[in-house]
Every structure is written in structure tokens, then in C-alpha cells.
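# Topology and contacts: notes
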Amino acid sequence: MKMLMKVKSQMLMLMPQYLGNDLEDIRGRTVYEDGAEVMLPLLPLPGMPVPGQVIPLHLFQQHLVAALRSIADSDKTFGIVTYSSTEGDEQLSALSQIGCTAEIFSMKDERDESTGLSTLRAKARGRQRFKVLEMHREITGIVMAKVQILPELSFSRCLDELRPSTHNKFCFNSMQKHILFKYKMDRFACALLSYWPDWVYKMYDKDVLKSQVVNELYTWNESFQSVSLPTEAADLSFWVVQNLPLDNNMRIHLMSLNCTVQRLQTEIHILRKCTIFCCATCMVQIARKEDVFSMSEEGPLSAYVNPGGHVHETLTVSKARNLHLIGRSSSEHSWFPGYSWTIAQCDTCNSHMGWRFTSMKKNFWPSKFWGLCRSSLVPELQANDRGHEEQLQG
């Protein structure tokens, strides 16, 4: 417990400040009705954001700076899509048909007087899923799209219609059994009055599925207990999409599901099958699920932007295998204050995998950890150990 409190206090202290503390807050929020068709400017990014995720932006391209400036002056909302092809180019045919609206909540617009060029630093938060109906590129280079806001559906509790009203006061909303007064009652007990056993109803109960997801996360690493997991089933399902190092195709599939229950069921299957993470190029083992931990309040996988404006979705792990370091360590533009970073490559194929972060202060915990790029990893489901010992780097 003391270690968990230490991790949590460390996360509060190490909230990334690399974008600076001078960003100006922007108030207001735009919420579209389910099924609404709206025109949005699109920003293609390497990763698929999800509702609730914070997206950092550092823009230098003048047409994008002008577009974000105009968005901030209007409804503050734009769309983000990812690349559905492996080439990752920005041709319209390469962009995914599923995306997420993003709302700017803080930004800083700066102008270099000597060159007349502007740069923009901003933070946006994912809001609502959408499906692209049609898109085109304007003469300014900005992609505009007509999108349809996707609904978030959830099953009602079917057994509530069967339960006698006099029993309701003895039942709780969780899947656990509790004692009220001197009585104990399972809210699934009235399944005896239906054609199906109680386990069938539990398969489609969002509270039961939510508890199963949380329990699976706790089996990965105890540090998850120090992370503030969402309490709502839909929010938790998006949190899992954000924090699992899945490839873009799997993320797009999960984001295309309109039913919270169906998304949670799929995630439970993935959490139970996923044991190790491999290099996306050569499939050599890089990390195990027990190595995953959180260095951010948002979870173990967060988006960070480098000085060049490229957004990296980075998974933090305590240990990594089959990696070697390139060059000297540097503390410049570090995403984690108090830590220096060193580039890490795969031992087998020399692909860029991420960075090793090393503490520059004695009282920091952990003293070192690894930040692995989501785009460089793939989960290997139910993989067997490779039969030979691999050198463990920690």
C-alpha cells in the first residue's frame, strides 16, 4: 500500500509539462446529438484517439495553425482520424472512416517576429465517436468531412421487469451480494422466473462486465490500483481502448462498436488472451503484461508530442527485453520532468522501439523505466515462452 501511494504521488508530481505552463484555458463545450450529421475539419494523426483522451498538439505548418486558430475562435471542435493503411500517407483513401471529435481546452499561439511564422501548442480532449460519410480537401490543404455522430447504446436490465417490487430495496446495483438489514439478495435471483439461467444475463450486464474488466487489469500489475479508473461502463471501455497497445485496425474496430456491452466483452477477451508484447517488425518479445505500469494519471499509455510536432503514443513498462540503447542520454524536452531519455532499438531488427528513461534525482521512483511506442508493438495473444532465456534489461 505504501508503494502504491508512492506511485500515485509520483504521478501527480510528474504530470508532463513539456508543452509549457503558459497555455491559456479555453472554455465552452460542444455536444452533438446522436446520429447528427455535421461538417468538421479533420486532423490525421498516427493513432486513433478515444473519448476522454487528452491529445497534445504542437503545430508548425501554417495552414494547420490557421485552421486550429479558427476552430478555437468558433466551436473549438474538430475531428481526428488515423491512417487505415500501413503506408500512413495523408491521401484521403488512406484515412480511416471512423474517428473521434476533439475539443480544444487550452492553447498558446506564438508568432516569430523575425520570420513572421506562427507556432501553436494546444491540448484537446476526445469527445464523441463519428463515422465519415464523405470528405474532401480544400484549397488550403485542410481536409473537411461530413460525419455522422455514432450513438452509445447499452442494454437495459431485463430482470428488473421480473423482480417483485417488494424485493427492490434489498438489491444493490453491483454484481456482489450485500446485506441490507437482515436480508441478503442477489439481484440475478429472479432469473429463476425466466427461461434463461442467471449466467446468461450476467454476460450482457454492463456492471458485471465492468467488474470483470477491472479485475483483469488488477491481475496485470498492482500499480493499476493507484490509477483512477472510470466508474461508468462506457468510459471504462474507452479507457481500455486507449491504454492497451493495440494496432490501429483493432482500435478502429473497437471504436466502431456502438454498444458498450459488446465493446467490454471484446476487451475482456483481449485482456485474458494478451500475455506479451512483441516488436511489430520481427515479433521478438519486448515486454510482458506484468511489466506494464502507469507514470501518468491517464494510465500506462498516453499521447506525447515531440518538439517536431510528431505525436507518440507511449506505453510505460518497468522492464524490457531484447533492446539496446543508441547514443547518449538527454534531458532536453523530456516528457517526464526529472528523467533523461535514451533511444532504444530492437536487438533483432534495429527498429526504433522507444526510449529508456533514467531518473536524475535519487528520490525518484522508479529509478528507470521504458517508454515503448504503441506503433512499434503488437500484442501476441496466448503466446508461449520462446523456450530460451532472454537477457532482461531493467
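Here goes a summary of the coordinates provided. (Residues numbered from 1 in each chain as written. Predicted model: local features only at pLDDT ≥ 70, side-chain atom pairs only at ≥ 80, totals over all residues. Heavy atoms only, no water.)

### Describing the overall build of the protein chain
Tallying secondary structure elements over the protein chain gives 7 helices and 20 strands in all. Of all 394 residues assigned to the protein chain, the portion counted as buried reaches 48%. Here the contacts in the protein chain between residues at least 6 apart in sequence split such that 65% fall between residues at least 24 apart. Of the roughly 19700 Å² that the protein chain leaves accessible, carbon and sulfur atoms contribute 51%. (Helix = DSSP H or I, 4+ residues; strand = E, 2+ residues; numbered from the N terminus. Buried < 20%, exposed > 50% of the residue type's maximum accessible area, 1.4 Å probe, protein only. Contact = heavy atoms within 4.5 Å. Areas by Shrake-Rupley, 256 points an atom, 1.4 Å probe, with all protein chains shown as cover.)

### Focus on the sheet that holds strand E18 (residues 368-373)
If you walk across this open sheet you meet the 6 strands as E12-E13-E18-E17-E16-E15, and the pairing is antiparallel. Only two strands of the sheet have a single partner each, and these edge strands are strand E12 (301-305) and strand E15 (323-330). Within the sheet, the average angular offset between the axes of one strand and its neighbour, ignoring direction, is 35 degrees. The pairing of E12 with strand E13 (residues 311-317) spans 5 bridges and is classified as antiparallel. Bridge pairing in E13 places Ser302 opposite Thr314. (Pairing = 2+ DSSP bridges. Axes fitted to C-alpha atoms, helices over the stretch in contact; angles between N-to-C directions.)

### Looking at a nonpolar patch on the surface
On the surface, a cluster of nonpolar side chains totalling about 450 Å² of accessible area is made up of Phe155, Trp199, Met203 and Tyr204. Considering the arrangement of structural elements, one finds Phe155 in the loop between strand E7 (143-149) and strand E8 (179-180). Judged by its relative accessible area of 45%, Phe155 is partly exposed. (Patch = residues over 30% accessible without salt bridge, like charges linked within 9 Å, V, L, I, M, F, W, Y side chains within 5 Å. Salt bridge = Lys/Arg side-chain N within 4 Å of Asp/Glu carboxyl O.)

### A few points about the pattern of salt bridges
Under the defined criterion, the tally for this structure stands at 12 salt bridges. In this structure, Arg272 and Glu216 form a salt bridge, with 3.1 Å as the shortest nitrogen-oxygen distance. Note that Arg272 is positioned in helix H7 (residues 260-273) and Glu216 in helix H4 (residues 206-220), a separation of 56 residues in sequence. Classification of Glu216 by relative accessible area gives buried; the value is 16%.

### A closer look at helix H5 (residues 233-243)
In terms of burial, H5 is a largely internal element, 9 of the 11 residues being buried. Those residues of H5 not exposed but buried are Ala233, Leu236, Ser237, Phe238, Trp239, Val240, Val241, Gln242 and Asn243. Residues of H5 that are buried in the fold lie against strand E6 (118-137), H4, helix H6 (248-256), H7, E12 and E13.

### With respect to the pairing of strand E2 (residues 37-44)
Looking along a regular strand, one sees side chains alternate from face to face of the sheet. Most of E2 is tucked away: 6 of the 8 residues are buried. As judged from the 6 bridges shared by E2 and E7, these two strands associate in the antiparallel manner. In the sheet register, Leu42 faces E7, and the bridge partner there is Val143. Relative to strand E4 (residues 77-81), E2 is paired through 3 bridges, and the arrangement is parallel. Across the sheet, residue Leu43 finds its bridge partner in E4, namely Ile80.

### Description of unusual backbone geometry
Peptide bonds are mostly trans, and most non-glycine residues show a negative phi. Along the chain, Trp365 connects to Pro366 via a cis peptide bond; the corresponding omega equals 0 degrees. The topology assignment puts Pro366 in the loop between strand E17 (352-359) and E18. Even without being a glycine, His333 presents a positive backbone phi close to 60 degrees. Looking at where His333 falls in the secondary structure, it is placed in the loop between E15 and strand E16 (339-346). The phi dihedral of Asn350 is positive, around 65 degrees, even though this residue is not glycine. Positionally, Asn350 belongs in the loop between E16 and E17.

Remember, this is a structural readout, not a statement about activity or role.
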